[in-house]
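Reading the structure
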Amino acid sequence: NTSNLFITQPRLISDVVVLQRGNYSTPVKNCLRQESGVILAEDYRSIAVIEVYRWLPERQLCLLVKIDQAEAFQSTNSFGIALSLIGVLMLVISFGIAFALARTITRPILELQGAVVRYGQGDRELRLPKFSSDEIGVLAREFVGMTTSLNEKDKQLRAYAEDLEKRVEERTESLRALFAVLQEKEHLLSESQRIAHIGSWEADLATGNVTWSDEMYRIYDVSPQSFVPDQNSLITLLHPDDRDLMAQWIGA
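Each value, and the rule that gives it
- Residues numbered from 1 in each chain as written.
- Predicted model: local features only at pLDDT ≥ 70, side-chain atom pairs only at ≥ 80, totals over all residues.
- Heavy atoms only, no water.
- Helix = DSSP H or I, 4+ residues; strand = E, 2+ residues; numbered from the N terminus.
- Buried < 20%, exposed > 50% of the residue type's maximum accessible area, 1.4 Å probe, protein only.
- Contact = heavy atoms within 4.5 Å.
- Areas by Shrake-Rupley, 256 points an atom, 1.4 Å probe, with all protein chains shown as cover.
- Phe/Tyr/Trp six-rings, centres within 6.5 Å; stacked < 30°, edge-to-face > 60°.
- Patch = residues over 30% accessible without salt bridge, like charges linked within 9 Å, V, L, I, M, F, W, Y side chains within 5 Å.
- Salt bridge = Lys/Arg side-chain N within 4 Å of Asp/Glu carboxyl O.
- Lys, Arg positive; Asp, Glu negative; His and termini not counted.
- Charge placed at Lys NZ, Arg CZ, Asp CG, Glu CD.
- 1 Å grid on protein atoms, 1.4 Å probe; cavity = no way out; pocket = protein on both sides within 12 Å on 5 of 7 lines; lining within 4 Å.
- Points joined across faces, edges and corners; volume = space filled by probe spheres on them.
- Nonpolar A, V, L, I, M, F, W, Y, C, P; charged D, E, K, R; others polar.
- Pairing = 2+ DSSP bridges.
- Core = buried A, V, L, I, M, F, W, Y, C linked by side-chain atoms within 4.5 Å.

This part covers the overall build of the protein. For the protein, the count of helices and strands is seven helices and five strands. When the helices and strands of the protein are placed in sequence order, the string is α-β-β-β-α-α-α-β-β-α-α-α. The proportion of buried residues among the 252 residues of the protein is 17%. Here the analysis covers contacts within the protein between residues at least 6 apart in sequence; of these, 20% occur between residues at least 24 apart. Element-wise, carbon and sulfur atoms account for 58% of the exposed surface of the protein, whose accessible area totals about 19,600 Å².

Here it is as structure tokens:
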């Protein structure tokens, strides 16, 4: 009441003396100021409670109701614990699903990566495990098809290279034989010129270069190291009576 005295026996206090003892707690003070509200505090037992106070103007009394916070929040706490357990369980399930999906996705990718590395290192007999029909499986089958095509092309190139190498060897042998024949012919021609004391020469009309045989140098008694055969130098070696005629013939 307005004298700060209980007019009913509190449920948790059996001593009737409490009815003669004034209550000056914060809720009582607020309520006697004709206010209503809720406050979280500790009661006379040092236990956290939720206390509701309301001023009753028609009776000029203050109504006080309180409940232990532990009791009030028990269902909420239980619900929070249940939510936490459900969250942990869902997290574990999600982790398991993620791990399974990761294994399903990463394992084929790692196997495909290893196959690519082995292929790059020269393993042409590539064999991949059977993949699923998803995008990774399609990629793996495309890769196998590509490697099979490359292997076939590689075999064709190797066969072509071997055939080409064989042809080159055959042509080389033919050229060696022809070169040997030419050397023999050149030797016979040189010997024939030496025996007959007859020389020969060739002239390139486009460049003016003249090439003499060895016997030509011996006939004119000049050295191949010091004498350069050309039209002018040839005239100097002729008999003076024949020089003008040779010059006219060369000029024509």
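This brings us to unusual backbone geometry. One can expect most non-glycine residues to show negative phi and most peptide bonds to be in trans. Residue Asn 4 is not a glycine yet carries a positive backbone phi of 65°. You can see Asn 4 is positioned in the segment before α1 (26–32). In this structure, Gln 34 is a non-glycine residue whose phi angle is positive, near 65°. By the element assignment, Gln 34 lies in the loop between α1 and β1 (37–42).

Taken as a whole, this structure holds three aromatic pairs when the rule is applied. Pairing Trp 212 with Phe 227 gives two aromatic rings, centres 5.2 Å apart and planes at 40°, and the pair type is tilted. Taken as a pair, Trp 212 in strand β5 (residues 210–212) and Phe 227 in the loop between α5 (214–219) and α6 (231–237) lie far apart in primary sequence, 15 residues in all. By the burial criterion, Trp 212 is buried, and Phe 227 matches it.

Judged by side-chain charge, Glu 162, Glu 165, Glu 169 and Glu 170 come together as a negatively charged surface patch. Tracing the backbone through its elements, the reader meets Glu 170 in helix α4 (residues 135–196).

This part covers the layout of surface pockets. In this structure, the largest pocket occupies an estimated 960 Å³ of space. Along the wall of the largest pocket there are 36 residues; nearest its centre are Phe 6, Pro 10, Asn 23, Leu 64 and Lys 66. Among the elements of the structure, α1, β1, β2 (48–56) and β3 (61–68) are those that each provide at least two residues to the lining of the largest pocket. Tallying contributions element by element places β3 first for the lining of the largest pocket, with eight residues. Its residues placed into classes, the lining of the largest pocket shows 19 nonpolar, eight polar and nine charged. When its volume is computed, the second largest pocket comes out at roughly 320 Å³.

This part takes up the pairing of β2. Sheet topology places β1 next to β2; six bridges connect them, and they run antiparallel. When the sheet's bridge partners are listed, Gly 37 is paired in β2 with Tyr 53. In this structure, β2 lies alongside β3, joined through eight bridges in antiparallel fashion. Pairing of Val 49 across the sheet is with Asp 68, part of β3. Linking β2 to β3, which pair antiparallel, is a turn of four residues; within it Gln 60 sits at a positive phi near 55°.

Take a nonpolar patch on the surface next. Judged by side-chain polarity, Phe 79, Leu 83, Ile 86, Leu 89, Met 90, Ile 93, Ile 97 and Leu 101 come together as a nonpolar surface patch covering roughly 790 Å² of accessible area. Looking at where Ile 93 falls in the secondary structure, it is placed in helix α3 (residues 74–120).

Attention now moves to the nonpolar core. With six residues, the main nonpolar core is built from Val 210, Trp 212, Met 216, Tyr 217, Phe 227 and Leu 234. Put simply, the parts of the chain that give this core at least two residues each are β5 and α5. Residues contacting Tyr 217, with those up to four places away along its chain left out, are Trp 212, Val 222, Ser 223, Pro 224, Phe 227 and Pro 229.

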